[in-house]
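Here's the letter readout for the chains.
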Amino acid sequence: MSPQKKLLIPVSSRRKAVDDFFPFNSLPVECQLHVLSFLNELDKCSCALVCLSWSCLVRSWKLWRVADYSRRGAFHLGQEGLLVSNREFERWKSWVHHYTHHLVSRRASLLTLKASFDLGDRCNKWSELLSHLLDNVHCRDLSHLDLNWTFTLFEPLDLRIHSSSSSHQDSITKMDQVTSFQELLGKLTHSCPRISKMRLHFDWSDLSVSLLTRFQQLRILELKYFWVFKLVTPSTLQTLTKSLPNLKSLTLHILVPLRNLGISYTLESKSLEFLDVSPSRGLVFSCLKLPALRELRAKKIVRGITLDRRTRLRIQSRWPCLYHVLQQGTPKLQALNNERLLPTWREKSYGELTAILEQSCYCVQHLDSWLW
């Protein structure tokens, strides 16, 4: 007896059956978008190749919330560092422009922007690229900005070899960088007024400080040094912190020039809860008015400069002890250099804080070495 033949099911019917039993397609569109939002850019593009419905989902502006130009994973470096061959650089540059076009064509609604471009580069015009991006995507809700405008993530090796090393040329380049940065910062104040977290190099010019104070929603701010030979005046630093009413966390990279040793700073903020000045060099506080501060990180960094005793004492005599500054201006301080403070630390002598102050304070009592 011949075996019973199985009935053949049309291909269209089988596809329909698969669709009926695939739970993802039965979810509301908002839920589908939420699931896809956890994928990275490459995985999203792969999903767009699955079917027409997924392709339509991936094209939604809601899935493109991050513009990250700082990723290097897709590019193989032939050597350690940022200098690459011309071919590798052109490949990366092509990716940057395609990535920008992709974000613009999707009408991305950005929440995060991360980039590392030399804005003074007139050849590659990175400043114009970022301006084009901001003009053609929705960035009103941008909340996180991580921008290094002092150098490009990848640079061709031969440009470094033939570049001029004269101080005059360096000054011109830095002025171009500052000008382009200020233009971009001005655009950000109008296009992205809701930025709450910012990490960038800063030139501390009056115009840049004025533009930065317009971001009234800032809660987390990290400012890295741009030019080590430029002094940050005490009034400039005080103006910045007083003008940001919602600032909760501040990290400063400030290098006080050697010719300005002896200068001290006043910091004032009603909202600041976390302050990290450990990356700074020569930054000394004479007064702190931080009623909400809970944690401070400060580190005394030796510069390797030998000073005679008279010069050292003349400079140190201008600086108060950090313990007394904290005692008077930080009533809610709970941690110093990752060390938990006892509730009674203000009432007793700083004997229990001696080890911490030796690492943080520049005053005469806590700086015995003549080597700075």
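Treat the numbers as computed from the prediction; the structure is a model and nothing was measured. (Residues numbered from 1 in each chain as written. Predicted model: local features only at pLDDT ≥ 70, side-chain atom pairs only at ≥ 80, totals over all residues. Heavy atoms only, no water.)

A.B. asks: What exactly am I supposed to notice about the pattern of salt bridges here?
C.D. replies: Any two side chains of opposite charge can pair if their charged atoms end up close together. All told, the structure shown has 8 salt bridges when counted by the stated rule. Measuring nitrogen to oxygen at the nearest pair gives 3.1 Å for the salt bridge that ties K187 to D135. Within this pair, whereas K187 is found in helix α8 (residues 167–191), its partner D135 is found in helix α6 (residues 126–136), the two being separated by 52 residues in sequence. On the accessibility criterion, K187 (24% relative accessible area) is partly exposed. For R297, the salt bridge is made with E295, and the minimal N-O distance between the two is 3.1 Å. Among the residues examined, R297 registers a relative accessible area of 28% and is labelled partly exposed. (Salt bridge = Lys/Arg side-chain N within 4 Å of Asp/Glu carboxyl O. Helix = DSSP H or I, 4+ residues; strand = E, 2+ residues; numbered from the N terminus. Buried < 20%, exposed > 50% of the residue type's maximum accessible area, 1.4 Å probe, protein only.)

A.B. asks: Just checking my understanding: could you explain unusual backbone geometry for this structure?
C.D. replies: With the exception of glycine, the majority of residues adopt a negative phi angle, and the majority of peptide bonds are in the trans configuration. Phi is positive for R107, close to 55°, though the residue is something other than glycine. Inspection of the secondary structure puts R107 in the loop between α5 (86–105) and β3 (112–116).

A.B. asks: For this particular structure, what's the right way to read the pairing of β3?
C.D. replies: Both faces of the sheet carry side chains from a regular strand, because those side chains alternate between them. β3 sits mainly inside the fold: 4 of its 5 residues count as buried. In the sheet, strand β1 (residues 66–68) pairs with β3 via 3 bridges, with the strands oriented parallel. In the sheet register, D68 faces β3, and the bridge partner there is K114. Pairing of β3 with strand β4 (residues 144–148), which is carried by 5 bridges, proceeds in the parallel orientation. Bridging across to β4, S116 finds its partner in N148. Regarding the hand of the β-α-β motif, the stretch spanning β3, α6 and β4 is right-handed. (Pairing = 2+ DSSP bridges. Right-handed = clockwise from strand over helix to strand, strands pointing away.)

A.B. asks: Quick question: what am I supposed to make of the sheet that holds strand β8 (residues 249–252) here?
C.D. replies: Paired through their backbone hydrogen bonds, the strands of a sheet run either parallel or antiparallel. Taken in spatial order, the 10 strands line up as β1-β3-β4-β6-β7-β8-β10-β12-β13-β14 in an open sheet, and their pairing is mixed. Each of the sheet's edge strands pairs with one partner strand only, and the pair in question is β1 and β14 (339–340). By the bridge criterion, 2 bridges tie strand β13 (residues 335–336) to β14 in an arrangement that is antiparallel. The residue of β14 that forms the bridge with A335 is R340.

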